[in-house]
Amino acid sequence: MPSKKTIKNIPLHHLHDSKIGIQVYKINYDDPLNDHQMIRLTHRDSYYIFYIQQQGTVSMFVDFKEIVIEDNAMGYILPGQVHYTNNVKNVKGWSLAIDADLVNSKNKIQLEESLMHRSIKALRPEQNDIMVSFLKLIDKTIDYQKSQCDLPTTNLLLVEGFLSLFNQFYFENSTAQPAIPENRTSILSSQFRALVRAHYKTIKEPKTYAKMLNVSTAYLNDSIKGNTGFSLTYWIQQEVFIEAKRLLFYTDNSIKEIAYDLGFHDHRYFSRLFHKTTAESPTTFRKRYRESSNY
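Residues numbered from 1 in each chain as written. Predicted model: local features only at pLDDT ≥ 70, side-chain atom pairs only at ≥ 80, totals over all residues. Heavy atoms only, no water.

(A) Broad picture of the environment of Leu220. Within the fold, Leu220 resides in helix α7 (residues 217-228). Take Leu220: its relative accessible area is 0%, and that puts it in the buried class. Counting along the chain gives 10 residues from Leu220 to Ala210, while the straight-line C-alpha distance between them is 6.2 Å. Apart from the residues lying within four places of it in its own chain, the contact partners of Leu220 are Leu188, Phe192, Tyr209, Ala210, Leu213, Val215 and Leu232. (Helix = DSSP H or I, 4+ residues; strand = E, 2+ residues; numbered from the N terminus. Buried < 20%, exposed > 50% of the residue type's maximum accessible area, 1.4 Å probe, protein only. Contact = heavy atoms within 4.5 Å.)

Quick look at the structure:
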């Protein structure tokens, strides 16, 4: 387990090569991480991470929940999710980092909604081989385009192909896959969710988001609720308090500091709203999750 020492600010990592927007990593790790490495690796990313594990076991925390990944498995991490590796054992596999701008709105909604139901998916060996072969192809294509000093215009096609295959295997025999038709409602939902992710610290009023999208508050609320099952207020509070939980779990910032960071001028009001939304106080949440995870 990582050291009891927490961090003040959660580091945000970006892709090293922003021109390409895609990076492929081969994973081959046998040595266990020490406490110092675990704390240093606690971070969030501005991009999507998709991983295919061929063998071994990885224990990691994503946001404040532990997941265990074993042989022949796949999963992903969304931009902004805080994570660190807790333990590794004879791990081999591949991962793909994709800039958020290269993932279309339909896939973004699908990936976000599916995490409510699952975090990893077991693969059959033949499926694992197909996914690894795809990642090797992407890796070779990127290297070739770099050698030709060519901007990778085919990357969008590769991303779409990979995500299509990933979704096919990830949602196989699953009732968790959300039905997301290509219509005005789904587009509006995607636009609203993107605006909330970008402005939740400074904008918390549903009517402001409706104005930004040039629709009435009632229409936007009906559209979002019809498409996702939840209201505008739910999604705004969801974004605010998932970030609050990350800061409570991973940093040693005070409740007052966290409240101000999230755009609340009154930390007492923040605490009351947190309790109303999560059914426990910020202090109780911090204590309970740190004790249960030994963080």
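(B) Structural context of the nonpolar core. Grouped together as the largest cluster of nonpolar side chains are 38 residues, with contacts concentrated most on Phe192, Tyr209, Leu220, Leu262 and Phe270. Mapped by element, the contributors of at least two residues to this core are β7 (82-99), α5 (184-199), α6 (206-212), α7, α8 (232-250), α9 (255-261), α10 (267-278) and α11 (282-293). When residues no more than four places from it in sequence are discounted, the contact partners of Phe192 are Tyr209, Leu213, Leu220, Ile224, Leu232, Trp235 and Ile236. Met74, Leu96, Ile142 and Phe166 belong to the second largest nonpolar core, which has 32 residues in total. (Core = buried A, V, L, I, M, F, W, Y, C linked by side-chain atoms within 4.5 Å.)

(C) How the structure looks around the packing of α5 against α7. Between α5 and α7, whose axes approach to 9 Å, the crossing angle comes to 100°. Classed by the angle they form, the pair α5 and α7 counts as roughly perpendicular. Across from Arg184, Thr185, Ser186, Leu188, Ser189, Phe192 and Arg193 in α5, the residues of α7 making contact are Tyr219, Leu220, Ser223, Ile224, Asn227 and Thr228. Here the residues of the contact of α5 with α7 are counted per class, giving 5 nonpolar, 6 polar and 2 charged. (Axes fitted to C-alpha atoms, helices over the stretch in contact; angles between N-to-C directions. Parallel < 35°, antiparallel > 145°, perpendicular 65-115°, else oblique. Nonpolar A, V, L, I, M, F, W, Y, C, P; charged D, E, K, R; others polar.)

(D) Representation of the environment of Ser133 in the model. Locating Ser133 in the fold gives a position in helix α3 (residues 125-147). Judged by relative accessible area, Ser133 falls into the partly exposed class, the value being 44%. Polar side-chain contacts of Ser133 include one of 2.9 Å to the backbone oxygen of Asp129. (Polar contact = N/O pair within 3.5 Å; in protein donor to acceptor, adjacent residues only side chain to side chain.)

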